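Structural overview
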Amino acid sequence: MTLTNKIELMAPAGSFDSLQAALDNGADSIYFGVEQLNMRARSTVNFTIEDLPEIAKRCETKNVRSYLTLNTIIYDHDLSVVKTLLIKAKEANITAVIASDQAVIAMARSIAMEVHISTQLNITNIETIRFYSLFADTMVLSRELSLRQVKKITEQIEKEQIKGPNGNLVEIEIFGHGALCMAVSGKCYLSLHSHNSSANRGACKQNCRKKYTVIDQETGFEIELDNEYMMSPKDLCTIDFLDQVIDSGIQVLKLEGRGRAPEYVATVTKTYREAIDAYYKGTFSKEKTTVWMEALNTVYNRGFWSGYYLGQELGEWSDIPGSAATQKKVYVGKGTHYFPKAEVGQFKIEAYDIKVGDKILVTGPSRGAQEMIIEEMFVNDIAGEKATKGDDCSLKLPFRIRMSDKLYKIVEA
C-alpha cells in the first residue's frame, strides 16, 4: 500500500504502450504477463524475459510497484521455465509474483520473492486467508463476494492480526473495473471442451461472448436468445460506489484489461485515480461520478454493472457482441520524425484523413497513449487545414514521438 495510506490503484499492462499509459496516468502498481504462463497468454502481445529489467526500470522511476502474473495451471514440463522466470524477475527487481499454483508459490518463497494470491484460488473466508498468510502478503478475493463479506474479512484480519511473511497485516485486493468471466473467479472449461484450448492456461477462445441458439433435442424446436448474450457478463464498474469499496477496508483496487489498448488503460487509470483522490480529499460526489462514467463509456466496454459487490445474486448480461464505447479510434498514420527544438512531430498519413479541430490519439511503447485536439498543422511543409492519404503532416506536440508510434483519429462510435 502507498505511504499515504490511500488504497493502491493497480493497472494492467499488456504491452509497453499500455505500461507507459498506466505509469503516465497515476497507477500505484502495474501487473503484466511474460510469454505463455499467464491468463492472457493469447490476448496480449506479452512481454519476454528480456523485457523484465526495462519494466522494472520504468516502474522504479515512477515509484510504482510491479507484479508478474504467473497464475495459470502449471504442469511438470513448465517447472523449469517457471523457476527461470522467477529468478530473472527477482534479479530485475520486480516487486512480486501473482500466483495460484503451490509450485509457483513455493518457488517464489524459496528465493524470497513477495507472493500475491491470484483470484483463481477463489478465496472467500478468513480461514483461507489465515492459511495462505503463511506464504503470501496480498490476496485477491473471489469476485463473487459482496462488499459486506469483503469488509468482514478485512475486519477479521485487523482484529486477529493476521500477517504475511513480510511481517505486515495481509493486504486484500479486489477487482474494481473491467471484463468479468461467466465462470467462478475465472475458472472456465468451455474453451477447452470446444477447441482444446484451455482458458486456465491463458488460451481462452471467448466462447461465452457469442450468441447461441437453444435446441429441444426431442422435437428439434429452436429458440434464439435474441435479447442477451446469456454467458457474456457486462463489464464491472465500481466508480459510482467507490466510496463504499474503499470503506470495505481493502488495500488494493485492480483494474482489469491486459488485453486492452493503451488508450483504454490511460482513460480507466486516470478516471479511477481522480475518483480515489477525490474520496480522500472529501470531494467524492454523485455529480463527479456522472462525469467519470462518461469518460469510462468512451473506451471499450460491454455495458456496466456493479458485479456482486452490492449483494446482487444474478449476473447482468451483455446485449451486444462487442463494445458499447461511445468513441472509437481509426488508424491515420505512423510517426516519421520529431523535431525537439520546435516540439513538432511528423506523421505519414496512410489511411484516414485528419483536419484542424479533430481529436487525435498517439500511441507507442515509450509514449503510452496521448490524446489532444489539433489546433494547427503543416501539410507537406505548408500550413493547412486537412491532411489526406500520402501526405506528410506535422503537428505541434508536447511530447516526443518515435517511428514506432501510431496516429489515430477519435470519432463517435
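As the structure is a prediction and not an experimental result, all values here were calculated from the model.

The next thing to look at is the overall build of the protein. Per the secondary structure count, the protein includes 10 helices and 22 strands. Buried residues in the protein amount to 52% of all 413 residues. Residue pairs in contact within the protein that sit at least 24 positions apart in sequence constitute 68% of those at least 6 positions apart.

A word on the packing of helix α1 (residues 16–24) against helix α9 (residues 262–281). For the pair α1 and α9, the least separation of the axes is 8 Å and the interaxial angle reads 15°. In terms of orientation, α1 lies roughly parallel with respect to α9. For the element pair α1 and α9, the recorded crossing hand is right-handed. The residues of α9 that touch α1, namely those facing Asp17, Ser18, Ala21 and Ala22, are Pro262, Val265, Ala266 and Thr269. Split into classes, the residues belonging to the contact of α1 with α9 amount to 5 nonpolar, 2 polar and 1 charged.

Right, let's get into the sheet that holds strand β21 (residues 392–396). Strand pairs in the sheet, formed through backbone hydrogen bonds, run parallel or antiparallel to each other. The strand order across the open sheet formed by 8 strands is β17-β16-β22-β13-β14-β21-β18-β19, and the pairing between neighbours is antiparallel. Each having just a single partner strand, β17 (368–373) and β19 (382–384) make up the two edges of the open sheet. For this sheet, the mean angle separating the axes of adjacent strands, direction not counted, is 35°. Contacting β16 (359–364) and β17, α1 crosses the sheet at an angle of about 65° to β17. Those strands touched by α9 are β13 (327–339), β16 and β17, and its axis lies near 80° from that of β17.

Moving on to the packing of aromatic side chains. For the coordinates displayed, the defined rule picks out 8 aromatic pairs. With a centroid separation of 5.0 Å and 85° between ring planes, the pair formed by tyrosine 279 and tyrosine 280 is classed as edge-to-face. The exposure class assigned to tyrosine 279 is partly exposed, which follows from its relative accessible area of 24%. You can call tyrosine 280 partly exposed: its relative accessible area is 33%. Aromatic ring contacts, followed pair by pair, group Phe16, Phe32 and Phe47 into a single cluster. Stacked on the ring of phenylalanine 175, the Lys or Arg arginine 143 has its end atom at 4.3 Å from the ring centre.

Once that is clear, we can look at the side chain of aspartate 235. Tracing the backbone shows aspartate 235 in strand β10 (residues 235–237). Polar contacts involving the side chain of aspartate 235 include one to the side chain of arginine 302, which spans 3.3 Å. If near-sequence neighbours (up to four positions away) are discounted, aspartate 235 is found in contact with Gly178, Ala179, Tyr300, Asn301, Arg302, Gly303, Phe304 and Trp305.

Turning to unusual backbone geometry, a few remarks are in order. Of all residues except glycine, most have a negative phi; of all peptide bonds, most are trans. A positive phi angle, close to 75°, is found at asparagine 93, a residue other than glycine. Positionally, asparagine 93 belongs in the loop between α3 (79–92) and β4 (96–99). Residue asparagine 380 is not a glycine yet carries a positive backbone phi of 55°. With respect to the secondary-structure elements, asparagine 380 resides in the loop between β18 (377–379) and β19.

Here we take up the pattern of salt bridges. Two side chains of opposite charge can pair, provided their charged atoms sit close to one another. Applying the stated criterion to the full structure yields 18 salt bridges. Note that glutamate 8 is salt-bridged to arginine 65, the shortest N-O span being 3.8 Å. Taken together, the positions of glutamate 8 in strand β1 (residues 8–12) and arginine 65 in strand β3 (residues 65–70) put the pair 57 residues apart, joining distant regions of the chain. Note that aspartate 28 is salt-bridged to arginine 273, the shortest N-O span being 3.0 Å. A residue pair is termed long-range when its members are at least 10 positions apart, and aspartate 28 in the loop between α1 and β2 (29–33) and arginine 273 in helix α9 qualify at 245 residues. Here the two residues aspartate 28 and arginine 273 agree in accessibility, since each one is buried. Three or more residues are tied together by salt bridges with common partners; here these are Lys6, Asp28, Arg273 and Asp277.

Conventions adopted
- Residues numbered from 1 in each chain as written.
- Predicted model: local features only at pLDDT ≥ 70, side-chain atom pairs only at ≥ 80, totals over all residues.
- Heavy atoms only, no water.
- Helix = DSSP H or I, 4+ residues; strand = E, 2+ residues; numbered from the N terminus.
- Buried < 20%, exposed > 50% of the residue type's maximum accessible area, 1.4 Å probe, protein only.
- Contact = heavy atoms within 4.5 Å.
- Axes fitted to C-alpha atoms, helices over the stretch in contact; angles between N-to-C directions.
- Parallel < 35°, antiparallel > 145°, perpendicular 65-115°, else oblique.
- Left-handed = near helix turned anticlockwise from the far one by under 90°.
- Nonpolar A, V, L, I, M, F, W, Y, C, P; charged D, E, K, R; others polar.
- Pairing = 2+ DSSP bridges.
- Phe/Tyr/Trp six-rings, centres within 6.5 Å; stacked < 30°, edge-to-face > 60°.
- Lys NZ or Arg CZ within 6 Å of the ring centre and 35° of its normal.
- Polar contact = N/O pair within 3.5 Å; in protein donor to acceptor, adjacent residues only side chain to side chain.
- Salt bridge = Lys/Arg side-chain N within 4 Å of Asp/Glu carboxyl O.

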